[in-house]
Amino acid sequence: MDSSILQFLFSLIPVITPLLVFIACCIYINKIARIDSIFLCLGSGITLLISVMYVFMPFIMQSRAMPAGEVNFYYSALGMIAFLGGVSFAVGLFLLINNMINANKLPHGKF
């Protein structure tokens, strides 16, 4: 019993990094609500949800005894959603970098 709980806790390790990124993006969107912060928060939120689904998907598949074709369909669907989340995060990151570069080019006192 103890080894199964410990194994479950170790399976949650891949969720820690997306959770930290999502928390950082939420703090950023609370400070400055711009389009780049929205894209960052949306992309990191999708990535966090997909990471959680990837952790729990083997347990769901094992309990339902699904055929391989159905399992492949679910993993493909999650992969497409993860791709959209990654693109959203990348667009937000590029917008943030562009805003930072353009803000440094402006002379002081002119906005």
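Read on for a plain summary of the structure. (Residues numbered from 1 in each chain as written. Predicted model: local features only at pLDDT ≥ 70, side-chain atom pairs only at ≥ 80, totals over all residues. Heavy atoms only, no water.)

1. Some remarks on the overall build of the protein
So, step 1. Looking only at helices and strands, the protein has 4 helices and 0 strands in total.
So, step 2. The order of α-helices and β-strands along the protein, N terminus first, is α-α-α-α.
So, step 3. On C-alpha atoms alone, the protein measures out to a radius of gyration of 19 Å, which is more than a quarter above the 13 Å that the 2.2 N^0.38 rule sets for 111 residues.
So, step 4. Taken over the C-alpha atoms alone, the protein extends approximately 65 × 35 × 15 Å along its principal axes. (Helix = DSSP H or I, 4+ residues; strand = E, 2+ residues; numbered from the N terminus. Rg over C-alpha atoms; globule rule 2.2 N^0.38 Å.)

2. So, helix α3 (residues 35-64)
So, step 1. The terminal C-alpha atoms of α3 lie 41 Å apart, and with 30 residues this matches the ideal 44 Å at 1.5 Å per residue to within 8%.
So, step 2. Residue Phe-56 marks the point of greatest curvature in α3, where the axis turns by about 40°; the proline Pro-58 follows within four residues.
So, step 3. Downstream of α3 by a residue or two, Ala-65 has a phi angle that is positive, lying close to 50°. (Expected span 1.5 Å × (residues − 1). Bend = angle between axes of the 7 residues up to and from the residue.)

3. What about the packing of aromatic side chains?
So, step 1. The tally for this structure, following the rule as stated, stands at 2 aromatic pairs.
So, step 2. The interplanar angle of 15° and the centroid separation of 5.8 Å between the aromatic rings of Tyr-54 and Tyr-75 together place this pair among those described as stacked. With Tyr-54 in helix α3 and Tyr-75 in helix α4 (residues 68-105), this pair connects stretches of sequence that are 21 residues apart.
So, step 3. You can call Tyr-54 partly exposed: its relative accessible area is 35%. (Phe/Tyr/Trp six-rings, centres within 6.5 Å; stacked < 30°, edge-to-face > 60°. Buried < 20%, exposed > 50% of the residue type's maximum accessible area, 1.4 Å probe, protein only.)

4. As for the packing of α3 against α4
The description of two packed helices rests on the angle between their axes and on the distance between the axes.
So, step 1. Relative to each other, α3 and α4 sit at 155°, their axes nearing to 7 Å. With respect to α4, the axis of α3 lies roughly antiparallel. For the pair α3 and α4, the crossing hand works out as left-handed.
So, step 2. Split into classes, the residues belonging to the contact of α3 with α4 amount to 22 nonpolar, 8 polar and 1 charged. (Axes fitted to C-alpha atoms, helices over the stretch in contact; angles between N-to-C directions. Parallel < 35°, antiparallel > 145°, perpendicular 65-115°, else oblique. Left-handed = near helix turned anticlockwise from the far one by under 90°. Nonpolar A, V, L, I, M, F, W, Y, C, P; charged D, E, K, R; others polar.)

Note that all results are geometric; they support no functional claim without further evidence.
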